Amino acid sequence: MTTATSARALDHPEREEIRLEAVLHALADPVRLLIVREMAREDTELSCSCFDLPVTKSTSTHHFRVLREGGVIRQTYRGTAKLNSLRRADLDALFPGLLAAVLAAADSRAAGEEAAR
């Protein structure tokens, strides 16, 4: 795992350290999947405060940590903001089609739930 170089740097797995089971674990939770869907839709860095999540701040922090440690997102500090970006290129290189399939399935399910309301 990459070591933090300063108090504000965060550890992230290098591309070759990302494991399928960690990615699947990170994407299996509905809140984390919601975060990833939003990041994929926006396709830009987003601060943690941009997400309207149905959990407490401490639980939200946990979800972002699981995504970061699993290699799904990259978090960087810019001033006092923690910015999040999807590691799409890394995931696509390691597990071709996985992220696209998971996002398509999640979008389809969400559309079905919306239609049922």
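Since we're looking at a predicted model, the values are computed, not measured.

Asker: What is the right way to read the nonpolar core from this model?
Answerer: As a rule of thumb, soluble globular proteins bury nonpolar side chains together. In terms of nonpolar packing, the biggest core is built from 25 residues, with Ile35, Val36, Val72 and Leu86 touching the most fellow members. Within the residue set of this core, elements represented by two or more residues are α1 (20-28), α2 (30-42), α3 (57-69) and α5 (98-116). Sorting elements by how many residues they give to this core places α2 first, with six residues. Sequence-distant contacts of Ile35, that is, excluding residues within four places in its chain, are made with Phe51, Leu53, His63, Phe64 and Leu67.

Asker: What am I meant to see in the layout of surface pockets here?
Answerer: Empty space left among the atoms is revealed by rolling a probe the size of a water molecule over them. Estimated volume of the largest pocket: approximately 230 Å³. What lines the largest pocket is a set of 13 residues, and nearest its centre among them are Cys48, Lys57, Ser60, Thr61 and Phe64. Breaking the lining of the largest pocket down by element, the ones donating at least two residues are α3 and β2 (73-78). Top contributing element to the lining of the largest pocket by residue count: α3, with four residues. Size it by volume and the second largest pocket reaches roughly 160 Å³.

Asker: Sorry if this is basic, but what is going on with the packing of α2 against α5 here?
Answerer: To characterise two packed helices, one gives the angle between the axes of the helices and the distance between these axes. Contact pair α2 / α5: the axes reach a minimum separation of 11 Å and the direction vectors enclose 105°. For the element pair α2 / α5, the angle class is roughly perpendicular. Where α2 approaches α5, its residues Leu33, Val36, Arg37 and Ala40 are matched on the opposing element by Leu99, Val102, Leu103, Ala106, Asp107 and Ala110. Broken down by class, the residue content of the contact of α2 with α5 amounts to eight nonpolar, no polar and two charged.

Asker: Before we go on, may I ask you to explain the sheet that holds strand β3 (residues 81-86) in this structure?
Answerer: Working definition: the strands of a sheet are paired by backbone hydrogen bonds and lie parallel or antiparallel to each other. Across the sheet, which stays open at both edges, the three strands sit in the order β1-β3-β2 with antiparallel pairing between neighbours. Every interior strand has two partners, whereas the edge strands, β1 (46-47) and β2, have only one. One ladder, built from six bridges, connects β2 with β3; its direction is antiparallel. In the strand pairing of β3, Arg74 is matched with Ser85.

Scoring rules and cut-offs
- Residues numbered from 1 in each chain as written.
- Predicted model: local features only at pLDDT ≥ 70, side-chain atom pairs only at ≥ 80, totals over all residues.
- Heavy atoms only, no water.
- Core = buried A, V, L, I, M, F, W, Y, C linked by side-chain atoms within 4.5 Å.
- Buried < 20%, exposed > 50% of the residue type's maximum accessible area, 1.4 Å probe, protein only.
- Helix = DSSP H or I, 4+ residues; strand = E, 2+ residues; numbered from the N terminus.
- Contact = heavy atoms within 4.5 Å.
- 1 Å grid on protein atoms, 1.4 Å probe; cavity = no way out; pocket = protein on both sides within 12 Å on 5 of 7 lines; lining within 4 Å.
- Points joined across faces, edges and corners; volume = space filled by probe spheres on them.
- Axes fitted to C-alpha atoms, helices over the stretch in contact; angles between N-to-C directions.
- Parallel < 35°, antiparallel > 145°, perpendicular 65-115°, else oblique.
- Nonpolar A, V, L, I, M, F, W, Y, C, P; charged D, E, K, R; others polar.
- Pairing = 2+ DSSP bridges.

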